[in-house]
Structures are given as C-alpha cells and as structure tokens.
Amino acid sequence: LARHLQKEAQSQHNNSEFTEDQKKTIAKIATCLELRSAALQSAQSQDEFKLEDLKKLEPILKNILTYNKEFPFDVQPVPLRKILAPGEEEHLEFEEDDEEGGAGAGSPDSFPARVPGTLLPRLPSEPGMTLLTINIEKIGLKDAGQCIDPYITVSVKDLNGIDLTPVQDTPVALRKEDTYVHFNVDIEIQKHIEKLTKGAAIFFEFKHYKPKKRFTSTKCFAFMEMDEIKPGAIVIELYKKPTDFKRKKLQLLTKKPLYLHLHQTLHKE
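Residues numbered from 1 in each chain as written. Predicted model: local features only at pLDDT ≥ 70, side-chain atom pairs only at ≥ 80, totals over all residues. Heavy atoms only, no water.

## Focus on the overall build of the protein chain
Move 1: Helix and strand content of the protein chain: four helices and 10 strands.
Move 2: In the protein chain, which comprises 269 residues, the share counted as buried stands at 47%.
Move 3: Looking at the protein chain alone, contacts between residues at least 24 apart form 71% of all its contacts between residues at least 6 apart.
Move 4: Here the protein chain displays about 14500 Å² of accessible surface, and carbon together with sulfur accounts for 51% of that area. (Helix = DSSP H or I, 4+ residues; strand = E, 2+ residues; numbered from the N terminus. Buried < 20%, exposed > 50% of the residue type's maximum accessible area, 1.4 Å probe, protein only. Contact = heavy atoms within 4.5 Å. Areas by Shrake-Rupley, 256 points an atom, 1.4 Å probe, with all protein chains shown as cover.)

Next up, the structure:
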C-alpha cells in the first residue's frame, strides 16, 4: 500500500486527480505505513509506530479529497525515490558502462511486489519434507562503501523465470566495511525443497538507491541451483545485471574474486 500511495504522490500533475497538497498528505501516509512496517520488524519496542497510530490515518485516507486539517504526525513525505518491482528495472537504461550487457527476463507479477524489509516466517513443518533457511551473511563489492540503502531481493524461479514462491526483500544492510556489505539476515524459503520443480533456482538480486536517477536499481545478482542446497556455508559468484532468470547469457560481474556469502540450514521432520 505504501508503494501504491507513493506512486500516486509522485505522479505528474496532469495525470493525477489529486491536488499537490493532497499528494503531500498521501506521501506522509506512505511514510507512516513504512514506519509501521519497520516497527513490526523491530525487536525493540521504544519509539515504535503503533497500531493505534495507524488507525488515526484511516479517516484521512477515506476522506482524502476533503481532508484539510493538520496531519496528526510530524513526518516528512517519503522521499522522491522510485522503488521498482522485481524485474522492472531491466527496462531502464543503464548509466554505468561497466555494468552493461546481459539478458534480462522479466518475471510476471504473479506475487505482489514488496517494499524492502519484508521477510516471511518459516512455513509449518510437514513429515518427510525439508525446509530451507538461508542466512545472507555478506556480499563482496569493490565499491561496497558507496552503496546507499543496499538490500537483497530473494526469489525462487523455475527454468522460465516464473516465481515459485513470493518474492522477499531483506531489510537494508547492517553495515558496510572495506569491500563487504554485511546483512546477517535469515531468509525462510517459502516452499518445501521436495516441492520445487526440477531446474528451479534461488536468486539474490543486490539493489541500491541511486540519488541522481532517484530510483532503486539492481547492481548485480547471484543464484543457487538445487544441487547446491546442502547444510553449511556456501559462496556464490556475482553476475552482471540485468538479472537473467532463465540463466541463458550469464556474465560475471568482475574478474576479481567477489562473492555472495551464505549459510544454509535444512529443517526436516
């Protein structure tokens, strides 16, 4: 919902049925939704955006065309940044010369797009079935320190690039250090391993915000195939964007030894 509101708030004047003031209010509501989302994912309880706070926004949203009172929270509108749905940025021009090339296969929107930091809980266990938890430890990049608000989109695709599970985004990285962006976050794969189709792969798209272009872009990607699912640490190579979900024309990001560092845990009943 935050994403849809943000899109409306950023639409050009003549394409929108809202006034500029109404758009500002819509953008502030989007900010509040993001704050609530962050609060739900935080273990700390102080300074949270509570459910009662969120409920105060309902009458404003319902009466957006006539609402003219002061906004109940002192928040700034979501900054003008474009958060793209998975596969969407492949239709944009690339401005970095060293990142051109590759063949993107956009994924149909079979699952709703999610804003960064929307991890899903582990599925219930089933007898004889295996669940996979992947801990994303860190990613090695030559310009790690320059990446703004980096996060990773995780998806499970079949050979045709079709989503087999909902797409998940990690929260923004914990820290950047030397040539590494550290995440240390667990991803619960949303399907039992035995139920994944032959030839499926788990994709990791590294995304970061570009102030000049004002949108979030994919920098590189990595993937793990079914025969690589085994307990313990694994290091996988990084490829140039755009993300090639069909795995037909893969180009390594760089000749330097830079990798995505993961740790896998298998849960079997």
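Here the narrative resumes, following the displayed structure.
## Digging into the packing of aromatic side chains
Move 1: Summed over all chains, the structure comprises six aromatic pairs.
Move 2: Three or more aromatic residues link up through ring pairs in this structure, and these residues are F203, F221, F223, Y239 and F245.
Move 3: Geometry around F245 places K157 over its ring, the cationic atom sitting 4.1 Å from the centre.
Move 4: Sitting over the face of the ring of F223, R247 holds its NZ or CZ atom 5.9 Å from the ring centroid. (Phe/Tyr/Trp six-rings, centres within 6.5 Å; stacked < 30°, edge-to-face > 60°. Lys NZ or Arg CZ within 6 Å of the ring centre and 35° of its normal.)

## Structural notes on the nonpolar core
Move 1: Counting residues in each nonpolar core, the largest one holds 34 residues, and the members touching the most others are I136, L141, I202, F204 and L260.
Move 2: Ignoring anything within four residues of it in the chain, the contact list for I202 reads L132, I134, V154, S155, V156, I189, A222, F223, M224, M226 and I229. (Core = buried A, V, L, I, M, F, W, Y, C linked by side-chain atoms within 4.5 Å.)

## Structural notes on the environment of A201
Move 1: As for its position among the elements, A201 is in strand 6 (residues 201-210).
Move 2: Of the residues examined, A201 reaches a relative accessible area of 0% and is grouped as buried.
Move 3: The sequence separation of A201 and L164 amounts to 37 residues, and the corresponding C-alpha distance is 9.6 Å.
Move 4: Ignoring sequence-local partners within four residues, the contact set of A201 consists of S155, V156, K157, F223, M224, E225, M226 and R247.

## Some remarks on the sheet that holds strand 5 (residues 180-188)
Move 1: What the five strands build is an open sheet, ordered 4-5-1-10-8; its pairing is antiparallel. The open sheet terminates on both sides in strands that have one partner only, identified here as strand 4 (175-177) and strand 8 (232-237). Averaged over all pairs of adjacent strands, the angle between strand axes in this sheet comes to 25 degrees, irrespective of strand direction.
Move 2: As paired elements, strand 8 and strand 10 (residues 259-268) share six bridges and run antiparallel to each other. (Pairing = 2+ DSSP bridges. Axes fitted to C-alpha atoms, helices over the stretch in contact; angles between N-to-C directions.)

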